[in-house]
Amino acid sequence: MDHCKDFDTGDRTSPDAFTLAARVQFQSVSNIQIILNEHLGAVTKAQSVFHAFATSTQEEHLNHGLTVSVVGKTRLPGPVQIWSQEYSRLMREDDDTVWIDKGGLDPNSQRSLEGLLDQALSDCMLVPIKRPDNHQFFLVVALVNKQEGHDAFGSLDLQAVHQCFQQVLGTLVGAVELEEERRLRDQCQSLLAVAKNLFSHLDDVELLLKEIMSQARHLTKAERCSLFLLDKQHKCLVAKVFDGTSSGSGQWGTTDGRQLGIPADQGIAGHVAITGQLLNISDAYAHPLFYQDVDKTTGFKTRNILCFPIKDGDDVLGVAELCNKTSAPCFTRADEELAMSFSIYCGISLVHGLMYKKVRDAQHRSHLSNELMMYHMKVSNEETLKLLQEESMNMQKIDINFCEFRFVPRSMEELKTSAAVVAVFQDLGLKERWSINQETLSRFVLMVRKGYRDPPYHNWMHAFSVFHFSYLLIKRLRLVQQDYFTDLEALALLVSSLCHDVDHRGTTNSFQLASNSVLAALYSSEGSVMERHHFAQSMCILNTEGCNIFENLSSKDYTRCLDLMQDIILATDLAHHLRIFRKLKDLATSGFDKSRAEHHQLLLFLMMTAADLSDQTKDWKSSRNAALLVYREFFSQGDLEKAMGNRPVEMMDRDKACIPTLQIQFIDDVALPVYSLLAQLFPELSILVDTVNSNRERWVTLEDGHVVSPMEILTNDID
């Protein structure tokens, strides 16, 4: 590093300087460099002149050197980065007389200069120039090799350089900043276009990965590209895309189409995956992490590599590796910035693409499960034909007491219940009123029956019992004729009664939540987990080909009927009943207003609950047998809860449950209030209250003599 003691920094502006300043106005940065190179070459008699620009911050150009894009009158194909160590010393100097000659360059820097100029280095003068506004290091003016017959570079040459830049530096700084702003603007526009392109491929992850590589190669002008996704479970990088093609479809793929995997801690890609830091390698073969055998195997020549991580926040998702800059000797600092900005969009799109794939896969699995379920529930044409061919039943033929509240539906043979359901629709005139096709109705009933599982209590026979009680209410109380219900409300109540527990698993809502079941995951945020599932399964059946008994309803009635079904089925959740009980009491006290839609809804809910609990209104033996089924189901759930390490509530615990006490409590808290409200509204139903009270007295008798196990109480013969 030399100092010129006789260097004159005074202002000696010549007419030529004014001419030079005028020439560089409104020119591009490259044109300004050509003009300055020509001027300085003429003044200093240098064979070659160029400008090496610093990057935006001192830390960056200390690490990345300086950038050259024009030598003499020649624009290079792309920016070239040169030197580093010598210029870090220039940056720290405040003395305008400092410059570097050939002797101040180490051998590597000399070779770098000779490679850039394609000529031997005999003499040089490297002059640092600082910005006039903030005195930050801006560029180096390089004068290389004096023309023959002229002395070595000295103080007059240094003075010529500074006098030149006194007139043009401000213009050059402005031009550089303008082009940088344009570059950033174009980069932002390119990235926005890339984002739009990537986000349009979220529905296909493989296509998204190919698009990521295509865009990365286009943005950075790379010859080839590869993408690796990080498999943390197996600690490896999975090669998803090579040169824009999937790993199983090109020369990089395995013969059986399997994806290639490499250890996550090896090679250039592994280094980037572990550190999460970008790696820009200007000479691949000189880098210790580069595996040369890949080139030998493929015949491809790797010159330089830009490898960057794709992240979700701080979490590395994968690595993109770009090879061989096509428009420059190597990847530049601008390419690094672009790659890191691009990687943000890649990370966002990849996360959402993978999430979308998981959701879509889950939907496909759900669809397949539904298909499997429907296949096993599918009603054959033979079954439908058999039901159609059965002699049309009237109510008396089914059973002489079928239309009486004392009739016990559970006493019927299960095989005859489907025909009885069809007969009920016929008896109430619903089939004709809503133009329900006989074959469709038969198939629907058989499908619903198959939709019930076989837990001890919540099975098809329970559904038939609830359906029968709703039928009795509609028929015996003449609810439609007396305008308590519309025809549509009666239809919705009857169908809801049949479907209200379809696919019941013999466990409660609280168990679904405690066990983190699939149903809880689907419905827990909305409440009434099982009831929502019952309604969803009912919709599946209605949407099955040949099962839609509502197909001839108008669009308005169809929508209204489904809404009513949903509300009625959700009302079978006792928690819902308890929430609205005060409103039900007010309804019974004030009387039913047939013109109020709210009263119609409350009465539907009350009657659905009454139908759901109707086993309590049967004779003692039937009521006790129903309780036996209920507690078998409860105790099975309690056993499951114990196996899970949980403590079941008393009524679910076969070792602690006092069934008579629990039954008395249930009758007092739930059943009697329901039937008492019904009797207030319809006095002819007071017989139901009497029956429930009679059964309660039998439970009191059992409670007083409670000396046996819970199940023995229910199975012992007690008159």
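What counts and what doesn't
Residues numbered from 1 in each chain as written. Predicted model: local features only at pLDDT ≥ 70, side-chain atom pairs only at ≥ 80, totals over all residues. Heavy atoms only, no water. Buried < 20%, exposed > 50% of the residue type's maximum accessible area, 1.4 Å probe, protein only. Helix = DSSP H or I, 4+ residues; strand = E, 2+ residues; numbered from the N terminus. Pairing = 2+ DSSP bridges. 1 Å grid on protein atoms, 1.4 Å probe; cavity = no way out; pocket = protein on both sides within 12 Å on 5 of 7 lines; lining within 4 Å. Points joined across faces, edges and corners; volume = space filled by probe spheres on them. Nonpolar A, V, L, I, M, F, W, Y, C, P; charged D, E, K, R; others polar. Salt bridge = Lys/Arg side-chain N within 4 Å of Asp/Glu carboxyl O.

Below, the discussion takes up the pairing of strand β13 (residues 305-312). Burial analysis of β13 places six of its eight residues in the buried class, the great majority of the element. Bridge count between β13 and strand β14 (residues 315-325): eight bridges; the pairing is antiparallel. Opposite F308, over in β14, you have A320 as the bridge partner. Here β13 hands over to β14 after two residues, with G313 in that stretch at a positive phi of 70°.

To continue, consider empty space enclosed by the protein. Rolling a probe over the atoms, with the probe sized like a water molecule, indicates the empty space that remains. All chains considered together, the criterion is met by one cavity of 30 Å³ or more. When its volume is computed, the largest cavity comes out at roughly 30 Å³. Lining the largest cavity, in full, are P409, S465, H468, F469, S614, D615 and K618. Considering only residue class, the lining of the largest cavity consists of two nonpolar, three polar and two charged.

A complete count under the given rule lists 25 salt bridges for this structure. Here D133 ties to R131 by a salt bridge, and the two come within 2.7 Å at their closest N and O atoms. The exposure class of R131 is buried, given its relative accessible area of 14%. The closest approach of N and O atoms between E223 and R303, which form a salt bridge, is 3.9 Å. Here the residue E223 occupies a position in strand β8 (residues 222-231), and R303 occupies one in the loop between α9 (293-298) and β13, the gap between them amounting to 80 residues. Among the ionic contacts, a cluster of salt bridges with common partners joins R131, D133 and E177.

Purely geometric numbers; function is a separate question.
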